Amino acid sequence: MEEFVRRREVSGVGVVTRRDLAEVQALREEFHAVFTAPDQPTAVTLLNTLLQRTRITPHLAEHDGHPLHVHYFAPGSSVAEHLAADCGVALAHVLVENERDRLRTCAAPDCSHVFVDESRNRSRVYCDSRTCGNRMHVAAYRARRRDAS
């Protein structure tokens, strides 16, 4: 969890505890449900439920070399509440802008990660082309080679 916070440059986070880890894991499942909802109304209901439990306090911030931007988490928020507020509002904008079709689940059969397809032609199918995408392309290549033999 500490590595995630450091790598993703999640600001305003103090000491990370086991409780934080459990809360973020539960939050991850809630976000996953929004991404995989069968339709827009269900996604909206799930996201609203998540956001209603979050103290959202928008404020402008400029820190750690990042340009001026908006944070939505309340001061003193837990890691989970911080992520719920900032990521929840970002996801709300995706839904409001009628871009739900950009919410994807990785096409690799052994991966259930979700992501927002930001490609121009909406063609992204893997959560990470260097890991899942490369692994799937290598497997397809090897299968073609076996079939050709």
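Residues numbered from 1 in each chain as written. Predicted model: local features only at pLDDT ≥ 70, side-chain atom pairs only at ≥ 80, totals over all residues. Heavy atoms only, no water.

Visitor: Explain the layout of surface pockets here, please?
Guide: In this approach, a probe sized like a water molecule rolls over the atoms, and the result shows the empty space that is left. Looking at the largest pocket, its volume works out to about 1500 Å³. Lining of the largest pocket is provided by 38 residues; of these, Phe4, Arg8, Leu83, Cys87 and Val114 occupy positions nearest its centre. At the level of elements, helix 1 (2–7), helix 2 (18–35), strand 2 (69–73), helix 4 (79–96) and strand 4 (114–116) are the ones that each hand at least two residues to the lining of the largest pocket. A per-element tally of the lining of the largest pocket places helix 2 first, with nine residues. For the lining of the largest pocket, the class distribution of residues is 18 nonpolar, ten polar and ten charged. In this model, the second largest pocket occupies a volume close to 160 Å³. (1 Å grid on protein atoms, 1.4 Å probe; cavity = no way out; pocket = protein on both sides within 12 Å on 5 of 7 lines; lining within 4 Å. Points joined across faces, edges and corners; volume = space filled by probe spheres on them. Helix = DSSP H or I, 4+ residues; strand = E, 2+ residues; numbered from the N terminus. Nonpolar A, V, L, I, M, F, W, Y, C, P; charged D, E, K, R; others polar.)

Visitor: Just checking my understanding: could you explain unusual backbone geometry for this structure?
Guide: Glycine aside, residues mostly have negative phi, and peptide bonds are mostly found in the trans state. One non-glycine residue, Asp64, lies in the positive phi region at around 50°. Of note, the phi angle at Asn98 is positive, near 55°, even though the residue is not glycine. Inspection of the secondary structure assignment puts Asn98 in the loop between helix 4 and strand 3 (103–105).

Visitor: Sorry, what's going on with helix 2 here?
Guide: For an α-helix, the turn length of 3.6 residues means that residues three or four places apart are oriented alike. Across its 18 residues, helix 2 extends 26 Å between first and last C-alpha, which sits within 8% of the 26 Å expected from 1.5 Å per residue. Turning to helix 2, its buried residues number three or more, namely Asp20, Val24, Leu27, Phe31, Val34 and Phe35. All buried residues of helix 2 lie within an arc of 85° about the axis, which places them on one face of the element. Facing away from the buried side of helix 2, by more than 90 degrees, are the exposed residues Arg18 and Arg19. Buried residues in helix 2 make contact with helix 3 (40–52), helix 4, strand 3 and strand 4. (Expected span 1.5 Å × (residues − 1). Buried < 20%, exposed > 50% of the residue type's maximum accessible area, 1.4 Å probe, protein only. Arc of directions from axis to C-beta. Contact = heavy atoms within 4.5 Å.)

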